[in-house]
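Reading the structure
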Amino acid sequence: MTDATAYDFDLFVIGAGSGGVRAARMSAAYGAKVAVAEEYRIGGTCVIRGCVPKKLLIYASEFGHEMADIAPGYGWTFEGAKFDWPTLRDNVGAEVDRLSGIYARNLRNSGVTIFEARAEITGPNSVKLSTGETLTAKVILIATGGKPSVPTDVPGIEHAITSNEIFLLDALPKSILIAGGGYIAVEFAFLLKGLGVDVTLLYRGNTVLRGFDDDVRLHVHGELKRKGIRVVTHTVLTQVDKTDAGLAAHLANGQTIHADALMLAVGRDPYSEGLGCEAAGVARQANGAIKVDDYSQTSVPSIYAVGDVTNRMNLTPVAIREGACFAATVFGGTPMAFDHDTIATAVFSQPPTGTVGLSEADARAKFGPVDIYKTTFRPMRYVMPNDETRMLMKLIVRPSDQVVIGCHIVGPDAAEIIQAVGIAVKHGLTKAQFDATCAVHPTVAEELVTMKDKWVPPSLTA
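In this report, the structure presented in the accompanying data block is examined. (Residues numbered from 1 in each chain as written. Predicted model: local features only at pLDDT ≥ 70, side-chain atom pairs only at ≥ 80, totals over all residues. Heavy atoms only, no water.)

At a closest axis distance of 8 Å, the pairing of helix α3 (residues 51–70) and helix α5 (residues 183–194) adopts a crossing angle of 35 degrees. Of the two elements, α3 crosses α5, and the hand of that crossing is left-handed. On the side of α3, the interface is formed by Lys-54, Leu-57, Ile-58 and Ser-61, while α5 contributes Tyr-183, Glu-187, Phe-188, Leu-191 and Gly-194. Tallied by class, the residues present in the contact of α3 with α5 amount to 5 nonpolar, 2 polar and 2 charged. (Axes fitted to C-alpha atoms, helices over the stretch in contact; angles between N-to-C directions. Helix = DSSP H or I, 4+ residues; strand = E, 2+ residues; numbered from the N terminus. Left-handed = near helix turned anticlockwise from the far one by under 90°. Contact = heavy atoms within 4.5 Å. Nonpolar A, V, L, I, M, F, W, Y, C, P; charged D, E, K, R; others polar.)

Put into structure tokens, the structure is as follows:
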């Protein structure tokens, strides 16, 4: 360990989100003297204004459909049911407060010093806080995450909100236009519709969830429309006007969409502005992402970065693993690089999406011909209510060795199922090993081990 008199701290972490907190606590466990600076609230995007509160809203949004459309098929009726936004908003806020408090308590219990202030890097081993205090550290870790992208070339865009503000609304709008087609836009479109909001989704591409498997994209797009969400594609915002009735969003295709609110979900940017990167010599990409090597080290040897600010794979569990690898490398004596390949992830659409490995298009681009096994069906729980929600399951297999290189699911419990399937795909199990696994019946997941016939495009069967 370093000479305690050389620096104020062995490690100074900027940002107390998932990656920064994990790095701080593990480094302290290795014996490092650690401090964390957080300018807003401890917990970061995921806990405060991301994954956790969003998932709670998603839970809430599903009850209306369950009570009105599913329960009657099983003999249940609900009279006088109503939804109250302030109750949900305040309960979610209380849970966020509780979790933020736990994060802070765990940091302090680990011996980490917390500064509730903004920190700016002033040199390879120094930071200045917004309180005016200057501190030194042998190692600095940037873990500031990301922020919603806001276009600068659209007049009137200041009337829009982002995912940061949606959790704090005094009242839900009667109608909303959501600009974007990624997972944040899709998730909020479904959940707001479930809470009774009239939703229009605006996307510049041909269909939502760019980068996902095409079958998944089309399936989710179909579910959006089936749930009564209007989807407008191949155009973008050009101007936003505030009117007596709400907002008027003018589009490049000549249309004007009127809504009570406009939410931007057009991507997220690395939150690296104003950190002092240029002064310290920390190299960044054109989009602001901090450049790092496999061990999360920046162009300055004493400065590292993990999580969304590096724009490698912007997922909370990834930031946590990167933070853990950083601590093991720098303070644990065990150099460790996190493997960003074959990571399972979920989109909390309705029904949810789970995916791991390569899409069909990426698999064909990488390996040439591949074997496809897929099925769509109505899950058992929706049969008696006569609900038309469909399930999609798809396996992508490399012909040369029959290894399953991709799995894509849309349907009930897809997010839970994909976690287990991710283990199999990550470690290279074959289709024969999937088939040799006995099914659990009756479940939707049993289809993963019972799909026997390769899918053949209709044009080849005509």
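Below, the discussion takes up the pattern of salt bridges. Across all of its chains, the model carries 22 salt bridges by this definition. Across the salt bridge formed by Asp-339 and Lys-426, the nearest N and O atoms sit 2.8 Å from each other. Residue Asp-339 is located in the loop between α8 (316–330) and β18 (345–347), and its partner Lys-426 is located in helix α10 (residues 414–426); the two are separated by 87 residues in the primary sequence. Judged by its relative accessible area of 31%, Lys-426 falls in the partly exposed class. Across the pair Arg-364 and Glu-360 runs a salt bridge, and its minimum N-O distance is 2.9 Å. Residue Arg-364 and its partner Glu-360 are located together in helix α9 (residues 360–367), separated by 4 residues, close to a single helical turn. Since its relative accessible area comes to 15%, Glu-360 is described here as buried. Residues participating in the shared-partner salt-bridge network are Asp-213, Asp-215, Glu-360, Arg-364, Lys-374 and Lys-394. (Salt bridge = Lys/Arg side-chain N within 4 Å of Asp/Glu carboxyl O. Buried < 20%, exposed > 50% of the residue type's maximum accessible area, 1.4 Å probe, protein only.)

Further remarks concern α5. Under the 1.5 Å per step criterion, the end-to-end length of α5 is 17 Å for 12 residues, consistent within 8% with the ideal 16 Å. By the criterion of burial, α5 is predominantly enclosed, with 9 of the 12 residues buried. Where α5 is concerned, the buried positions are Ile-184, Ala-185, Val-186, Glu-187, Phe-188, Ala-189, Phe-190, Leu-191 and Leu-192. Taken from the residues just after α5, Gly-196 is the one with a positive phi, measuring 100 degrees. (Expected span 1.5 Å × (residues − 1).)

This next bit is on the nonpolar core. If you look at the biggest cluster of nonpolar residues, it comprises 42 residues, and the most contacted ones within it are Ile-166, Ile-176, Ile-178, Phe-188 and Leu-192. At the level of secondary structure, the elements contributing two or more residues to this core comprise α2 (44–49), α3, α4 (85–109), β9 (175–179), α5, β10 (198–203), α6 (214–226) and β15 (261–264). Here the element with the most residues in this core is α5; it accounts for 8 residues. One finds Ala-35, Ala-37, Ala-117 and Ala-137 within the second-largest nonpolar core, a separate group that totals 24 residues. (Core = buried A, V, L, I, M, F, W, Y, C linked by side-chain atoms within 4.5 Å.)

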